[in-house]
Every structure is written in structure tokens, then in C-alpha cells.
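Here is how the chains run, residue by residue.
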Amino acid sequence: MEGNNASSQTSSPLCLQNVETLINSVEAFLFDCDGVIWKGGKLIEGVKETLEMLRSLGKKLVFVTNNSTKSRKQYAEKFHSLGITTVSEEEIFSSSYAAAMYLKVNDFPRDKKIYALGEGGILEELELAGFKGLLGGPEDGRKNIQLKANSRFEHDKDVGAVVVGDDQYINYYKLQYATLCIRENPGCLFIATNRDAVYTMFDSQEWPGAGCMVSAVCGSTQKEPIVVGKPSTFMMDFLLQKLQIDTSKMCMVGDRLDTDILFGKNAGCKTLLVLSGVTSLSDLQDPSNNIKPDYYASKVADILKFSRQ
């Protein structure tokens, strides 16, 4: 897939004059979740009605999130709890799922173990993909290291992959375990769900994202990871196999330039930046920014707002 030259175009505000052109040219809308569909536990105004309108027009909807803390099943439950009951697990592509699928399609040896520096979503997706010997996750967040002279930290020599994602339970124990596996186990894979610096856990503040955890492991191992979430091509390649739709007929809708919009542009999708999450209008218009979406809007509901007029 060849991407577009992100720096050679200008971005148009979504409006009455161009919204119908966008809708009519797209068969599938790919939505980020945090900052686009919801913020924390609150649905962003107008999202439900907009999704219903797009479905009524026969558009395919896919939800592509870099947040690895939940599995697809848990994300479906969150949609349903917020009143969007039409979203199914099959329409959700999380970075936790992408990590499991990466290992599966690359025939990761079934006799090898996997260590997760992350939360339950990663472990659940790995288990659903048929992997056994899963280590780490929230349970290791309660473990401590006793730093004593001549003490030795033991780790499982059968770990063949370390998956690093968002982890509110990160500690020195987990960092040491992941580091030893990557540095000392021959051929051990270092997989990152994503490298987002921050994410919008709640309305009022941004919180450290998986990029912080990934960078810590990069620092201790002196190695770079295989990134499976946005903007990597792996997730898009996997999506294309499922959707069987040309990327020119897809639109990526997101709130981050360096993940969502770059993800879409690299694949040749149309792109819509919404300003309801991480990126502000000043960020978009900053002269140093060279990632330009095709369109921008205040929120997802603008699609419905302008199509009604």
C-alpha cells in the first residue's frame, strides 16, 4: 500500500458543501474510540445518532482502537453500556487483538510462553487466539522486588514473546521480567500494542499511554519493538483481509494526527480529524505539523449535522 503525501495538502473543515461528497465516496468508516466515540465513561454528544445514520445508508462501521487494556468483548460491553447496542465484537479491532493476531499469523510456536506487560485485555485476546503459557498482566502488578546484594531475579526461559501495552499496574518487577526475557531468551519477540504518548482516560486530563511503557522497555533492552497498532501497516493489512474493500473507499476518523490520521493516510484512506480528543485546531494548523487530514470537524456528530441541512 502506498500512502499519500501528508504534507502536500491542506485540510478542509467539514461543512454542508463537502459532507455528502465524503459520505457518498465511502463504503466503510473506521472510527477510533477514545476521544472520538467517548471520553472516559461518557459518550460524546451525537455519536449514537450519527452511527445510526451511517448504518441506515449501508455503510460498514469498524472501531479501531490503540487502547489495549480491554478485549474486543469488553469493548463491545462498553458500547452497549453507553447505549450503542448495535456494535458487535467483529466490528472492533483493538491493539490487544492485533497483538494476538500478529503472533497467530506469524505462527508463533505453541510451546513457547508469552509475557504481557499490560492489562487484562492483552491476556484475554491471547487466550482467545489459542495461546497457552500466558504470564504477567495485572497479577504481576502486585509483585515486588527485593534488591539485595548477590540476589538474582529468575525468569522463565521459555518466554518467546513479550507484549507491552497500556498498564496502570506497571512496576519494577514487570520491567525487570520483560527486560530479562527480551535480552536473555534467544529470539524473544518484543511486541508493542502501540506507542501513543497519552490518551484521554477522562474528560479533564490526558494520562500516560502505552508509549511510556514501551519506551521504558526500549531503554532497558536497547531494542525497538514490532508495533502492531496504529499507525503500523499490520492492523490495516488485517482489516483489509476482513473487509475486502479498497482503502480509497474507506474513511479513518480519529482524534490523533500521529496515529489515527497517519494510519489512514499511509493506507490511502480518506481521513477526518475530530477535535473532541487529543488534537486541537492549533495543533493541526501549527506550521511544524506535516500530517494533514482531508477533513476536520469539532466532533463525529458534525457528519450528521451537515448532512441534515
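As named in an unreviewed UniProt entry, the protein chain is Phosphoglycolate phosphatase, taken from Papaver nudicaule. Checking UniProt for the protein chain, the heading Catalytic activity (unreviewed entry) contains the comment "2-phosphoglycolate + H2O = glycolate + phosphate". You can read under Sequence similarities (unreviewed entry) in the UniProt record for the protein chain the words "Belongs to the HAD-like hydrolase superfamily. CbbY/CbbZ/Gph/YieH family."

Caption draft 1: Examining the confidence of the model for the protein chain more closely. Put simply, the protein chain has an average pLDDT of 93, and 95% of its residues get 70 or more. Across residues 1-7, where pLDDT falls below 50, the model places 20 contacts with residues more than four positions away in sequence or in other chains.

Caption draft 2: Highlighting the side chain of Asp140. Inspection of the secondary structure assignment puts Asp140 in the loop between strand 8 (134-136) and strand 9 (159-164). We classify Asp140 as buried; its relative accessible area is 4%. Setting aside residues no more than four positions away along its own chain, Asp140 makes contact with Tyr115, Asn171, Tyr173 and Lys174.

Caption draft 3: Up close: the packing of aromatic side chains. Under the counting rule described, the total for this entry stands at 15 aromatic pairs. An angle of 20 degrees between the planes, with centres 6.1 Å apart, marks the rings of Phe29 and Phe31 as stacked. Overall, the relative accessible area of 0% leaves Phe29 in the buried class. Overall, the relative accessible area of 0% leaves Phe31 in the buried class. Aromatic pair Phe63 and Phe79: ring centres 4.7 Å apart, planes at 55 degrees, arrangement tilted. Separated by 16 residues along the polypeptide, Phe63 in strand 5 (residues 60-65) and Phe79 in helix 3 (residues 72-81) bring together distant segments of the chain. Comparing Phe63 with Phe79 shows no difference in burial state: the two are buried. Of the aromatic side chains, those joined through ring pairs into one cluster are Phe29, Phe31, Trp38, Phe63, Tyr75 and Phe79.

Caption draft 4: Quick peek at the pattern of salt bridges. Summed over the entire model, instances satisfying the criterion amount to 13 salt bridges. Put simply, Lys249 and Glu27 hold a salt bridge, and the shortest N to O gap is 3.6 Å. In this pair, Lys249 sits in the loop between helix 8 (233-243) and strand 14 (250-254) while Glu27 sits in the loop between helix 1 (19-25) and strand 2 (28-31), placing the two residues 222 residues apart along the sequence. You can call Glu27 partly exposed: its relative accessible area is 37%. The salt bridge partner of Lys230 is Asp260, with a shortest N-O separation of 2.6 Å.

Caption draft 5: Representation of the UniProt feature "binding site: Mg(2+)" (unreviewed entry) in the protein chain within the structure. Per the UniProt record, "binding site: Mg(2+)" (unreviewed entry) is annotated on Asp32, Asp34 and Asp255. A compact arrangement is adopted by the annotated residues: their sequence extent is 224 residues, whereas the largest C-alpha distance between any two is 8.2 Å. The annotated residues named above include Asp32, Asp34 and Asp255 as those lining the largest cavity. Within the secondary structure, Asp32 is located in the loop between strand 2 and strand 3 (38-39). Side-chain polar atoms of Asp32 contact the side chain of Lys230, separated by 2.9 Å.

Quick notes on the rules
- Residues numbered from 1 in each chain as written.
- Predicted model: local features only at pLDDT ≥ 70, side-chain atom pairs only at ≥ 80, totals over all residues.
- Heavy atoms only, no water.
- UniProt positions renumbered as here; feature names shortened; annotations may be inferred.
- pLDDT = per-residue confidence, 0-100.
- Contact = heavy atoms within 4.5 Å.
- Helix = DSSP H or I, 4+ residues; strand = E, 2+ residues; numbered from the N terminus.
- Buried < 20%, exposed > 50% of the residue type's maximum accessible area, 1.4 Å probe, protein only.
- Phe/Tyr/Trp six-rings, centres within 6.5 Å; stacked < 30°, edge-to-face > 60°.
- Salt bridge = Lys/Arg side-chain N within 4 Å of Asp/Glu carboxyl O.
- 1 Å grid on protein atoms, 1.4 Å probe; cavity = no way out; pocket = protein on both sides within 12 Å on 5 of 7 lines; lining within 4 Å.
- Polar contact = N/O pair within 3.5 Å; in protein donor to acceptor, adjacent residues only side chain to side chain.

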